[in-house]
Amino acid sequence: MLQKSRNGKGRSVLVAGGAGFVGSHLCDALLSRGDRVLCVDSFITGSVTNVQPLANHPQFRLIEADICDLRSIDEPVDQIYNLACAASPPQYQADPVHTMMTCVAGTGNLLALAEYHNASFLQASTSEVYGDPAEHPQREDYRGNVSCTGPRACYDEGKRAAEALCFDLVRAGRVDARVARIFNTYGPRMQPHDGRIISNLLVQAITGKPLTIYGSGQQTRSFCFVSDLVAGLMALMNVTPNPQGPVNLGNPGEFTINQLAEMVHAMVPTAARIAYHPLPQDDPQRRRPDISKAKDLLGWEPRVPLAEGLRQTAAWFIATLGTQPVSGKRRAPPSARTRRSNVSIGV
Ligand code: UDP
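Residues numbered from 1 in each chain as written. Predicted model: local features only at pLDDT ≥ 70, side-chain atom pairs only at ≥ 80, totals over all residues. Heavy atoms only, no water.

S.K.: What is the right way to read the side chain of Asp194 from this model?
M.R.: Of note, Asp194 is situated in the loop between strand 7 (185-186) and helix 6 (197-206). Accessibility expressed as a relative area gives 2% for Asp194, which makes it buried. A polar side-chain atom of Asp194 sits 2.9 Å from a polar atom in the side chain of Arg196. Residues within four places of Asp194 in sequence aside, it is in contact with Ser88, Pro90, Gln91 and Ser199. (Helix = DSSP H or I, 4+ residues; strand = E, 2+ residues; numbered from the N terminus. Buried < 20%, exposed > 50% of the residue type's maximum accessible area, 1.4 Å probe, protein only. Polar contact = N/O pair within 3.5 Å; in protein donor to acceptor, adjacent residues only side chain to side chain. Contact = heavy atoms within 4.5 Å.)

Structure (structure tokens):
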């Protein structure tokens, strides 16, 4: 049902990071519900390809801007989602100072906009605030085990500071801010070379390259399909009253990286072998969300099992690898394009 904004029309929603992987799916969902969407993106990791199909939608507007520089917008907004930040370890570590500033200065700018427009605000936080967790599964009241000086700190500590900003403004009664702690998410529109495990393994299997596993492969992650995550984000933004605390959003199904590689191997038959590499510094050993709070407060839980989500993601990579620019600018090499018709998904 279309919810009305304060002026009686459909809501105006600003999505920062709206051309990214999760952000573009959120834009789709908001538009299909009848909202007007202002998509703000710097295109550092977002891709215009993700929002190209929305270019002529009458309710969609694209603004190229970095949230670190965004001080005002020229129309009122009712809700602001902040999904603007590089999210894969190689990408957020490529310019760690900018990652930290995006989390702190960028989030501060968007919170100021939310206060000015009296808009509700949703911050995309992360399971990384739990660091390499000493408690398992992770509940929202666990304070985490983060290295504040390591190579992941720009993201982990940046996101922790962003949470602090949100809750300071909630306590002061200045902004209706909500915080989602997002666990590993995957699905169509992941960048083929963003360095995350699911995109790496699928692209490697499809292009016949060795499947890279860091460390022993016994470390675990819990993978949430993007449509489930988007439903959770929208539920959290719209729930009343404000939960006044962070909410985990993720799929509690927990898999070792070795198990994931086996699933990919079975799904995208490939002659490629597995290649083991050193484990990156501060790589968390276990991760699984406790989602009791999201179930209680939002009536939300994920619906898409990993095997089904992987199948959809593999199909998407197979269909697009040959035609879309890889990592934003380059086209996929001819070898990847010619392989396209030779690959099938075994389910
Ligand atoms: N990983 C891996 N091979 C890869 C990419 C990642 O074994 O090609 C591992 C990584 O070391 C981590 C897990 O897979 O233990 C998930 O990594 P990802 O970068 O997707 O996300 P993270 O949860 O670490 O932010």
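S.K.: I keep staring at the packing of aromatic side chains and nothing clicks. Help me out?
M.R.: Aromatic ring pairs are defined here through the distance separating the ring centres and the angle between the ring planes. As enumerated under the stated definition, the model contains 5 aromatic pairs in all. With 6.0 Å between their ring centres and 15° between their planes, Tyr130 and Tyr142 make a pair best called stacked. Of this pair, Tyr130 sits in the loop between strand 5 (120-126) and helix 5 (153-171) while Tyr142 sits in the loop between strand 5 and helix 5; the two residues are 12 residues apart in sequence, bridging distant segments of the chain. Considered together, Tyr130 and Tyr142 belong to a single accessibility category, that of buried residues. Ring geometry for Tyr130 versus Phe183: centroids 6.1 Å apart, planes at 40°, classification tilted. Placement of Tyr130 in the loop between strand 5 and helix 5 and of Phe183 in the loop between strand 6 (177-182) and strand 7 is noted, with a sequence separation of 53 residues between them. The class for Tyr130 is buried, based on a relative accessible area of 1%. Assessed through its relative accessible area of 2%, Phe183 is described here as buried. Joined through ring pairs, the aromatic side chains of Tyr130, Tyr142 and Phe183 make up one cluster. (Phe/Tyr/Trp six-rings, centres within 6.5 Å; stacked < 30°, edge-to-face > 60°.)

S.K.: Quick question: what am I supposed to make of helix 8 (residues 257-267) here?
M.R.: Since there are 3.6 residues in each turn of an α-helix, residues three or four apart along the chain are aligned in direction. What helix 8 keeps buried is the set Ile257, Asn258, Leu260, Ala261, Val264 and Met267. Against helix 6, strand 8 (211-214), strand 9 (220-222), strand 12 (254-256), strand 13 (274-277) and helix 10 (306-320) lie the buried residues of helix 8.

S.K.: Looking at this model, I keep getting lost on the site of the ligand. Mind explaining?
M.R.: In the vicinity of the ligand, 17 residues are found, and the nearest of them are Thr212, Tyr214, Arg221, Asp283 and Arg287. Within the side chain of Gln219, an N or O atom sits 3.0 Å from an oxygen atom of the ligand. Contact distances for the ligand include 2.6 Å between an oxygen atom and a side-chain N or O atom of Asp283. Calculation on the ligand without its partners gives an accessible area of 520 Å², and the protein chains cover 96% of this total. (Near = heavy atom within 4 Å. Areas by Shrake-Rupley, 256 points an atom, 1.4 Å probe, with all protein chains shown as cover.)

S.K.: Please clarify how the confidence of the model for the chain should be interpreted in this entry.
M.R.: As a general rule, the predicted coordinates of low-pLDDT regions are not to be interpreted in detail. In this model, the chain carries a mean pLDDT of 91, and residues with pLDDT of at least 70 account for 90%. In the model, residues 323-343 has pLDDT below 50 throughout and makes 25 contacts with residues more than four positions away in sequence or in other chains. (pLDDT = per-residue confidence, 0-100.)

S.K.: Mind showing me how you'd approach the pattern of salt bridges here?
M.R.: Any two side chains of opposite charge can pair if their charged atoms end up close together. Tallying each qualifying case throughout the model produces 20 salt bridges. We note a salt bridge from Glu115 to Arg174, for which the minimum N-O separation is 2.8 Å. Of this pair, Glu115 sits in helix 4 (residues 96-117) while Arg174 sits in the loop between helix 5 and strand 6; the two residues are 59 residues apart in sequence, bridging distant segments of the chain. The class of Glu115 is partly exposed, set by a relative accessible area of 32%. Among the salt bridges present, the one from Lys295 reaches Glu301, with a minimum N-O distance of 3.9 Å. (Salt bridge = Lys/Arg side-chain N within 4 Å of Asp/Glu carboxyl O.)

S.K.: For this particular structure, what's the right way to read the sheet that holds strand 11 (residues 247-249)?
M.R.: Strand-to-strand pairing in sheets goes through backbone hydrogen bonds, with the strands running parallel or antiparallel. In space, the 7 strands of this open sheet follow the order 3-2-1-4-5-6-11, with parallel pairing throughout. This sheet does not close on itself; its edge strands, each paired only once, are strand 3 (60-64) and strand 11. Each strand of the sheet is rotated relative to its neighbour by a mean of 20°, with strand direction disregarded. Pairing between strand 6 and strand 11: 3 bridges, direction parallel. Bridging across to strand 11, Ala180 finds its partner in Val247. Strands in contact with helix 7 (residues 226-238) are strand 4 (79-82), strand 5, strand 6 and strand 11; relative to strand 6, the strand with the most contacts, it is inclined by about 155°. (Pairing = 2+ DSSP bridges. Axes fitted to C-alpha atoms, helices over the stretch in contact; angles between N-to-C directions.)

S.K.: What is the right way to look at the side chain of Arg181 in this model?
M.R.: Note on placement: Arg181 falls in strand 6. On the basis of relative accessible area, Arg181 is assigned to the buried category, the value being 9%. In this view, Arg181 contacts Ser125, Thr126, Ser127, Val129, Tyr130, Glu140, Tyr142, Glu163, Pro246, Val247, Asn248 and Leu249; residues no more than four positions away in its chain are not counted.

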